[in-house]
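Here is how the chains run, residue by residue.
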Amino acid sequence: SGHITCTHTHTHTHKQTNKHKLFFNNTMTQLALECQRHMFDLDDSDTPVAYLNACSCSPIPTQVHEAASQALAAKRKPWTMDTSTSSETHVKRIYAKLLSNSSAVSEQDIALCPSTSYAMTLAANSVNWAIHANPTVVVLDQQFASNTMPWQHHAKLRIVQRRHGRNWTDGVLEELANDDVACVAIPHAHWTDGSTVDVRAVAEACKAKSIPLALDLTQTLGAAPIAIGPDSVDATFVACSVHKHLYAPYGASLLYVARRHQAHMRRLEFHERQVRDWPDFDAKGASLFDASTGGYPTESWTDMRKADAGGRPNPTLMPALHASLELVVGWDPRRISEYVAPLSQLVEDAAIDVGLSVARPRVAHIVGIHTPSGSHLPSALELGAELKKRGVLVSVRCGVLRVSFGVFNTVEEARMCASVLREVCVAS
């Protein structure tokens, strides 16, 4: 039928092997991760595609889909719904584990947000802008809007430009020398081409000057190893949308805030879940509302529960997110990165062989391919169109052909992409 399959040597034991790897991850983290395509429902079409676009939106694993379906089905009979906060707590706990294997990060350092732009708006509202007469925020050129627009609302942007011979890290550190910098708001890897920032070096420089650092890890968390906390990348804020490398449905971003800054957080919303020890509403009834003091109790939690977005956490999304985070922790981002590295290298090698250029340094799961200025080679848009004609789906972002990999991708798909690049460029 032309379906794309994983290449491995022990076909009959493949599922069993990966199942044990998933549930006994703590004792097997040193074993190489194999292709996890069997965990997804990707090969049910007579017109197969090579989906090399995880950085846009990853497919959800079958068991994540099942968790969401079961939760949604319960709404048909609302009395069967789980109305506890257990899923919310579990999600925060697993996310904290993904950020750090130590006690440096816990579920009480995490807030549930509907989007990364919401999370970064929370962050931006909590920065002390008044200590600078004309505050600025350091960002990267063409940085994604979610971690840019919330900051430009408060301050002028210091934009680190792409410059030949200078990487992002050097550019950020140069801008930090300016006395008016009130915050650095950057990604770990640029969304257009996967080019990286040494966020640990930036975090150390920010800490030395008592400047908050806001990291958007949407393009890397779950796909690349990174540790957050006082003994590693000591960022002030870390946000990540869940629909890419965390393999969850759309609809949430998780925000970590360093404990040293939590007292300064200013809420965007006011609701009962933020209130410390909010009593059982059904039991207390009207006595909760005190007309003499002006309404409901308002004393908030001192940790990041006070910043959770309003409304009940999505009862369909939470179980799905819980399932997806458990999978990612079980796969282990370091092993994921090691699995996709040779796949992306096949594509990078092909691009360079035919005269295209590739952004470096880069994360292992993204290849950003540029057509050199003045070259006779096809543009990124033309390359993307030719790949699509041949069933290879990628993204074009700001004039860059972005090829990105996940645990569901195969070496055959990488070779297919590399082959098309060679064919199209040689023929041009």
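The model shown is predicted, which means the values in this text are computed figures rather than measured ones.

1. A closer look at the overall build of the chain
Then, number 1: Per the secondary structure count, the chain includes 13 helices and 13 strands.
Then, number 2: The buried share of the chain, taken over its 428 residues, is 52%.
Then, number 3: When contacts within the chain are restricted to residue pairs at least 6 apart in sequence, those whose partners lie at least 24 apart make up 71%.

2. Here's the deal with the packing of aromatic side chains
Then, number 1: Inspection of the entire model under this criterion finds 9 aromatic pairs.
Then, number 2: Taking the centre distance of 6.4 Å and the plane angle of 85 degrees together, the rings of Tyr247 and Phe408 count as edge-to-face. Within this pair, whereas Tyr247 is found in the loop between strand 7 (237-241) and strand 8 (253-257), its partner Phe408 is found in the loop between strand 13 (400-404) and helix 13 (411-427), the two being separated by 161 residues in sequence.
Then, number 3: For Phe408, a relative accessible area of 1% puts it in the buried group.
Then, number 4: Grouped by ring-pair contacts, the aromatic residues Phe40, Tyr51, Tyr247, Trp331 and Phe408 constitute a single cluster.
Then, number 5: The lysine or arginine in question, Arg305, covers the ring of Trp301, its NZ or CZ lying 3.6 Å from the ring centre.

3. Thoughts on helix 7 (residues 168-175)
Helical periodicity: at 3.6 residues per turn, an α-helix aligns residues three or four positions apart in one direction.
Then, number 1: Within the span of helix 7, buried status applies to Trp168, Thr169, Gly171, Val172 and Glu175. Projected onto a plane normal to the axis of helix 7, the buried residues spread over an arc of 165 degrees and lie on a single side.
Then, number 2: Summarising the contacts, the buried residues of helix 7 are in contact with strand 3 (136-140), strand 4 (156-160), strand 5 (181-187) and helix 8 (199-208).
Then, number 3: The residue sitting at the N-terminus of helix 7 and contributing the capping side-chain oxygen is Asn167; that oxygen lies 3.2 Å from the backbone nitrogen of Thr169.

4. Side note on the nonpolar core
Then, number 1: Tyr95, Val184, Leu215, Trp331, Ile369 and Val403 are the most contacted members of the largest nonpolar core, which has 91 residues in total.
Then, number 2: In terms of residues, this core owes the most to one element, helix 10 (residues 317-331), which gives 10 residues.
Then, number 3: Residue contacts for Tyr95: discarding those within four places in its chain leaves Ile110, Leu221, Val238, Ala239, Cys240, Leu246, Leu254 and Leu325.
Then, number 4: If you look at the next biggest cluster of nonpolar residues, it comprises 26 residues, including Ala155, Ala239, Val257 and Met265.

5. Focus on unusual backbone geometry
Then, number 1: Cis geometry marks the peptide bond from Arg360 to Pro361, where omega comes out at -10 degrees.
Then, number 2: Locating Pro361 in the fold gives a position in the loop between strand 9 (357-358) and strand 10 (366-370).
Then, number 3: If you check the backbone angles, Ser210 has positive phi at about 55 degrees while not being a glycine.
Then, number 4: Positionally, Ser210 belongs in the loop between helix 8 and strand 6 (213-216).

6. So, the pairing of strand 7
Then, number 1: Of all 5 residues in strand 7, 5 are buried; the element is thus mostly enclosed.
Then, number 2: Across 3 bridges, the pairing between strand 6 and strand 7 is parallel. The residue of strand 7 that forms the bridge with Leu215 is Val238.
Then, number 3: When strand 7 meets strand 8, the two strands line up antiparallel, connected through 5 bridges. Paired with Val238 across the two strands is Tyr256, which belongs to strand 8.

7. Comments concerning the packing of helix 11 (residues 333-353) against helix 13
Then, number 1: Look at helix 11 against helix 13: their axes get within 8 Å of each other, and the N-to-C directions meet at 10 degrees. Relative to helix 13, the element helix 11 lies roughly parallel. Contacts between helix 11 and helix 13 pair Leu343, Leu346, Val347, Asp349, Ala350 and Asp353 from the former with Val411, Ala414, Arg415, Cys417, Ala418, Leu421 and Arg422 from the latter.
Then, number 2: Its residues assigned to classes, the contact of helix 11 with helix 13 shows 9 nonpolar, no polar and 4 charged.

Criteria and cut-off values
Residues numbered from 1 in each chain as written. Predicted model: local features only at pLDDT ≥ 70, side-chain atom pairs only at ≥ 80, totals over all residues. Heavy atoms only, no water. Helix = DSSP H or I, 4+ residues; strand = E, 2+ residues; numbered from the N terminus. Buried < 20%, exposed > 50% of the residue type's maximum accessible area, 1.4 Å probe, protein only. Contact = heavy atoms within 4.5 Å. Phe/Tyr/Trp six-rings, centres within 6.5 Å; stacked < 30°, edge-to-face > 60°. Lys NZ or Arg CZ within 6 Å of the ring centre and 35° of its normal. Arc of directions from axis to C-beta. Polar contact = N/O pair within 3.5 Å; in protein donor to acceptor, adjacent residues only side chain to side chain. Core = buried A, V, L, I, M, F, W, Y, C linked by side-chain atoms within 4.5 Å. Pairing = 2+ DSSP bridges. Axes fitted to C-alpha atoms, helices over the stretch in contact; angles between N-to-C directions. Parallel < 35°, antiparallel > 145°, perpendicular 65-115°, else oblique. Nonpolar A, V, L, I, M, F, W, Y, C, P; charged D, E, K, R; others polar.

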